[in-house]
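Structural description and commentary
Take a look at the letters that make up each chain.
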Amino acid sequence: GEDVEQSLFLSVREGDSSVINCTYTDSSSTYLYWYKQEPGAGLQLLTYIFSNMDMKQDQRLTVLLNKKDKHLSLRIADTQTGDSAIYFCAERHSGYSTLTFGKGTMLLVSP
Amino acid sequence: DSGVTQTPKHLITATGQRVTLRCSPRSGDLSVYWYQQSLDQGLQFLIQYYNGEERAKGNILERFSAQQFPDLHSELNLSSLELGDSALYFCASSAPGTGGEQYFGPGTRLTVT
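Rules and cut-offs
- Residues numbered from 1 in each chain as written.
- Chains lettered and ligands numbered in written order.
- Predicted model: local features only at pLDDT ≥ 70, side-chain atom pairs only at ≥ 80, totals over all residues.
- Heavy atoms only, no water.
- Helix = DSSP H or I, 4+ residues; strand = E, 2+ residues; numbered from the N terminus.
- Rg over C-alpha atoms; globule rule 2.2 N^0.38 Å.
- Contact = heavy atoms within 4.5 Å.
- Buried area = accessible area lost by both parts, 1.4 Å probe.
- Salt bridge = Lys/Arg side-chain N within 4 Å of Asp/Glu carboxyl O.
- Polar contact = N/O pair within 3.5 Å; in protein donor to acceptor, adjacent residues only side chain to side chain.
- Pairing = 2+ DSSP bridges.
- Axes fitted to C-alpha atoms, helices over the stretch in contact; angles between N-to-C directions.
- Phe/Tyr/Trp six-rings, centres within 6.5 Å; stacked < 30°, edge-to-face > 60°.
- Buried < 20%, exposed > 50% of the residue type's maximum accessible area, 1.4 Å probe, protein only.
- Lys NZ or Arg CZ within 6 Å of the ring centre and 35° of its normal.

Secondary structure assignment for chain A yields zero helices and 11 strands. Reading the secondary structure of chain A in the N-to-C direction produces β-β-β-β-β-β-β-β-β-β-β. Against the 2.2 N^0.38 benchmark of 13 Å for 111 residues, chain A shows a C-alpha radius of gyration of 13 Å, consistent with a compact globule. Its C-alpha atoms put chain A at 45 × 30 × 20 Å along the principal axes.

Facing 16 residues of chain A, the contacting portion of chain B comprises 20 residues. Roughly 1,400 Å² of surface becomes buried between chain A and chain B when both sides are summed, with 54% attributable to carbon and sulfur atoms. At the junction of chain A with chain B, the criterion picks out zero salt bridges. Counting across the interface, chain A meets chain B through two residue pairs in polar contact (both at pLDDT 80 or more). Within the residue set of the side of chain A that touches chain B, elements represented by two or more residues are β4 (29–37), β5 (43–50), β9 (85–93) and β10 (99–101) of chain A. If you tally residues by element for the side of chain A that touches chain B, the top one is β4(A), at four residues.

Now for the sheet that holds strand β6 (residues 55–58) of chain A. Residues and elements named next belong to chain A. Read across the open sheet, the five strands follow the order β1-β3-β8-β7-β6; overall the sheet is antiparallel. At either end of the open sheet lies a strand with only one pairing partner, and these are β1 (4–6) and β6. In this sheet, neighbouring strand axes are inclined to one another by 15° on average, regardless of whether the strands run parallel or antiparallel. The pairing of β1 with strand β3 (residues 18–24) spans three bridges and is antiparallel. Considered in β3, the bridge of Glu5 is made with Thr23.

Attention now goes to the pattern of salt bridges. Residues and elements named next belong to chain B. Inspection of every chain in the model, using the stated rule, returns six salt bridges over all chains. Measuring nitrogen to oxygen at the nearest pair gives 3.7 Å for the salt bridge that ties Glu82 to Arg63. Here Glu82, found in the loop between β8 (74–78) and β9 (87–94), pairs with Arg63, found in the loop between β6 (53–57) and β7 (64–68); they are 19 residues apart in sequence, far enough to count as distant. Taken together, the shared-partner salt bridges in this structure form one network comprising Arg63, Glu82 and Asp85.

Okay, the packing of aromatic side chains next. Aromatic ring pairs are reported here in terms of the distance separating the ring centres and the angle at which the planes meet. Enumeration over the complete set of coordinates arrives at 13 aromatic pairs over all chains. Residues A:Tyr33 and A:Tyr35 carry aromatic rings whose centres are separated by 6.4 Å and whose planes lie at 40° to one another, so their mutual orientation is tilted. Neither residue differs from the other here; A:Tyr33 and A:Tyr35 are each classed as buried. Through a chain of ring-to-ring contacts, three or more aromatic side chains come together here, namely A:Tyr31, A:Tyr33, A:Tyr35, A:Tyr48, A:Phe50, A:Phe101, B:Tyr35, B:Phe45, B:Phe90 and B:Phe104. A cation over an aromatic ring shows up here: A:Lys56 above the ring of A:Tyr48, its NZ or CZ 4.5 Å from the ring centre. The ring of B:Tyr103 is capped by B:Arg26, whose NZ or CZ atom sits 3.9 Å from the centre of that ring.

Rendered as structure tokens:
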């Protein structure tokens, strides 16, 4: 079946790098996304990667995609307390426009 | 600000009642998606409309229905409400011919008492 798995919680210190991991099961996924949700707010699109790419960098964010292992990661460099939020990984399946989301990883950044 | 608007922000109602949630997509976006977010189920896709027509259905209950109007705004109707329907309801929109990225509204928090 189609499923997206993420670890539930990650705690880091301010200034460190954070790496949030995600695995998915559908090898036909075309795009993979990272969203951020702060308390009481909607989901904010952070970045996305096309399935024929291995890496995408956008300022402090680096996305790595290992298509063979169906593994996606989001690295946040120089993590700040304002990065504390829930991060969702999502996949888009070939031929569809709907997304399947993971349950989210809560990132806690301590000073 | 994603450009997607949702009203109301909060809604409190009693079991058995019916409510309507409203969403306006980003300018130019033709697709609207509805999601339900709860602590136990996570973010669940409910239904998608594209330019006024239903395009995809997810885990939407028969008590729930949606539509998209000619001006592209959408409404999600929830009827015979139960306590378990208490959740955050999000609307998202996307543009045609892109990477399929969806932009989310701020959500409507529904509390059924």
